[in-house]
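# Geometric and topological summary
Okay, here's what each chain looks like letter by letter:
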Amino acid sequence: MSIGFKLYSFFNGKLVHEDSLGNKFYHDKSNINKRWVVYAPNLGPESLPTDYHNWLHGTSDNIITTNISQDDLLNNIKRRTQKHITSHKNKLDKGYQSWQPK
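Rules and cut-offs
- Residues numbered from 1 in each chain as written.
- Predicted model: local features only at pLDDT ≥ 70, side-chain atom pairs only at ≥ 80, totals over all residues.
- Heavy atoms only, no water.
- Helix = DSSP H or I, 4+ residues; strand = E, 2+ residues; numbered from the N terminus.
- Buried < 20%, exposed > 50% of the residue type's maximum accessible area, 1.4 Å probe, protein only.
- Contact = heavy atoms within 4.5 Å.
- Polar contact = N/O pair within 3.5 Å; in protein donor to acceptor, adjacent residues only side chain to side chain.
- Patch = residues over 30% accessible without salt bridge, like charges linked within 9 Å, V, L, I, M, F, W, Y side chains within 5 Å.
- Areas by Shrake-Rupley, 256 points an atom, 1.4 Å probe, with all protein chains shown as cover.
- Salt bridge = Lys/Arg side-chain N within 4 Å of Asp/Glu carboxyl O.
- Pairing = 2+ DSSP bridges.

## Re the overall build of the protein chain
- Helix and strand counts for the protein chain come out as three helices and three strands.
- Walking the protein chain from its N terminus toward its C terminus, one meets helices and strands in the order α-β-β-β-α-α.
- Here the protein chain holds 102 residues, and the buried ones make up 25% of them.
- Here the analysis covers contacts within the protein chain between residues at least 6 apart in sequence; of these, 39% occur between residues at least 24 apart.

Below is the structure:
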């Protein structure tokens, strides 16, 4: 997170909520429909529970705080990121014959 964005959040934003992982949720002081999040160190969008995501995108106006343990949140993050990890094929067979110029 850049220092400029943190300064912008400090001067132009109002802290609405901080979750148990350390993500901070803001809305603009002059326009409450402009919302953003400052992620905790080493976390990204995959760390947001559904309720917070809905609030950020304007689907809901309330942040519903649920009593979810930090271990459950971290397991949820692992499950979300696991589906994006690709495994490489160990064999060289691509399933097709590529064209080679002569």
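## Some remarks on the environment of aspartate 28
- Its place among the elements puts aspartate 28 in strand E2 (residues 24-28).
- By relative accessible area, which is 9% here, aspartate 28 ends up buried.
- Separated by 13 residues in the primary sequence, aspartate 28 and leucine 15 have C-alpha atoms spaced 9.1 Å apart.
- When residues no more than four places from it in sequence are discounted, the contact partners of aspartate 28 are Tyr8, Asn12, Lys34 and Trp36.
- One polar contact links aspartate 28 to serine 30, side chain to side chain, over a distance of 2.7 Å.

## Quick look at a nonpolar patch on the surface
- A cluster of nonpolar side chains, namely Ile3, Leu7, Phe10 and Phe11, defines an oily patch on the protein surface of about 490 Å² accessible area.
- Mapped onto the elements of the fold, phenylalanine 11 is located in helix H1 (residues 3-12).
- Judged by its relative accessible area of 55%, phenylalanine 11 falls in the exposed class.

## Digging into the pairing of strand E1 (residues 13-18)
- As defined by bridge partners, E1 adjoins E2 across five bridges and the pair is classed as antiparallel. Looking across to E2, one finds that glycine 13 is bridged to aspartate 28.
- Here E1 folds back onto E2 in antiparallel fashion, the turn holding five residues, of which glycine 22 has a positive phi close to 105°.

## Comments concerning unusual backbone geometry
- A positive phi angle, close to 65°, is found at asparagine 42, a residue other than glycine.
- Note that asparagine 42 resides in the loop between strand E3 (35-38) and helix H2 (50-56).
- A residue is classified by how much of its surface remains accessible, and asparagine 42, at 82% relative accessible area, is exposed.

## A word on the pairing of E3
- Burial of the side chains of E3 extends over both faces: Arg35 and Val37 are buried on one face and Trp36 and Val38 on the other.
- Pairing of E2 with E3 involves four bridges; the strand directions are antiparallel. Across the sheet, the residue bridging to tyrosine 26 is tryptophan 36, located in E3.
- Hairpin connection, E2 to E3: the antiparallel pair is bridged by six residues.

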